[in-house]
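# Per-entry structural report
Take a look at the letters that make up each chain.
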Amino acid sequence: MTSITEHTTLSELAVIVSEALAAAGIPAVLGGGAAVTYYSDSRYMSTDLDFITTERNKVIAPVVARLGFRQRGKDFVHDDSKFFLEFPPGPISFGNRYVDVSETQIVETRFGELRIITPTQCVMDRLAWFVHGNDPQARAQAALVARLQPIDWGVVHDWAQEEGIDASVIEDARQAAGTDDSEV
């Protein structure tokens, strides 16, 4: 098992935790700001790793304790890491659209395998936070991911329509990303 130190990057830590949870049979998917960090090559830096799961913290705690994490409130902290873990309750959703774990992806990194939302789902997640969570930085995060990753804008537009999100919000994010509708 890889040791967690003050030099462990967010991406490396995400893989360590993702693989430990998978080995314990706990379905968990990295989302939130940590997914933005991953997809933006750390141009945006989150300090927490949100692993969405339907499992309760009492089941998760012994698994991450073996990695050196201890529970502090709703978070899990590690003495040698500036990053902390959160386990938002599943199922995975972007606004009112629920996504099965099988609709996310496993990416092979230089550290190992990571279960993470897709770049398109990441854009939807950030735009949901922008609109429903009143989080202005989330729009910039969506644009950053879209600038650096292929996005299926048709899926994003369909999702926005289902959510009742004005098409101008999606168009603004798309333009901020510097992409056009032909790019997927």
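Note that the structure is predicted; figures quoted are calculated from it, not measured.

Analysis parameters
Residues numbered from 1 in each chain as written. Predicted model: local features only at pLDDT ≥ 70, side-chain atom pairs only at ≥ 80, totals over all residues. Heavy atoms only, no water. Phe/Tyr/Trp six-rings, centres within 6.5 Å; stacked < 30°, edge-to-face > 60°. Helix = DSSP H or I, 4+ residues; strand = E, 2+ residues; numbered from the N terminus. Salt bridge = Lys/Arg side-chain N within 4 Å of Asp/Glu carboxyl O. Buried < 20%, exposed > 50% of the residue type's maximum accessible area, 1.4 Å probe, protein only.

Using the criterion set out here, one finds three aromatic pairs in the structure. Residues phenylalanine 76 and phenylalanine 87 carry aromatic rings whose centres are separated by 5.5 Å and whose planes lie at 80° to one another, so their mutual orientation is edge-to-face. A residue pair is termed long-range when its members are at least 10 positions apart, and phenylalanine 76 in strand β4 (residues 75–78) and phenylalanine 87 in the loop between β5 (84–86) and β6 (92–94) qualify at 11 residues. Through successive ring pairs, a cluster of aromatic residues spans Phe51, Phe76 and Phe87.

Right, let's get into the pattern of salt bridges. Once the charged atoms of two side chains with opposite charge are near each other, the side chains can pair. All told, the structure shown has seven salt bridges when counted by the stated rule. With a shortest N-O distance of 3.7 Å, arginine 43 and aspartate 41 are connected by a salt bridge. In this pair, the class of arginine 43 matches that of aspartate 41, namely exposed. In this structure, lysine 74 engages aspartate 75 in a salt bridge whose closest nitrogen and oxygen atoms are separated by 3.6 Å. Connected through shared salt-bridge partners, Lys74, Asp75 and Glu86 make up one network.

So far we have only geometry, and geometry alone does not tell us how the molecule works.
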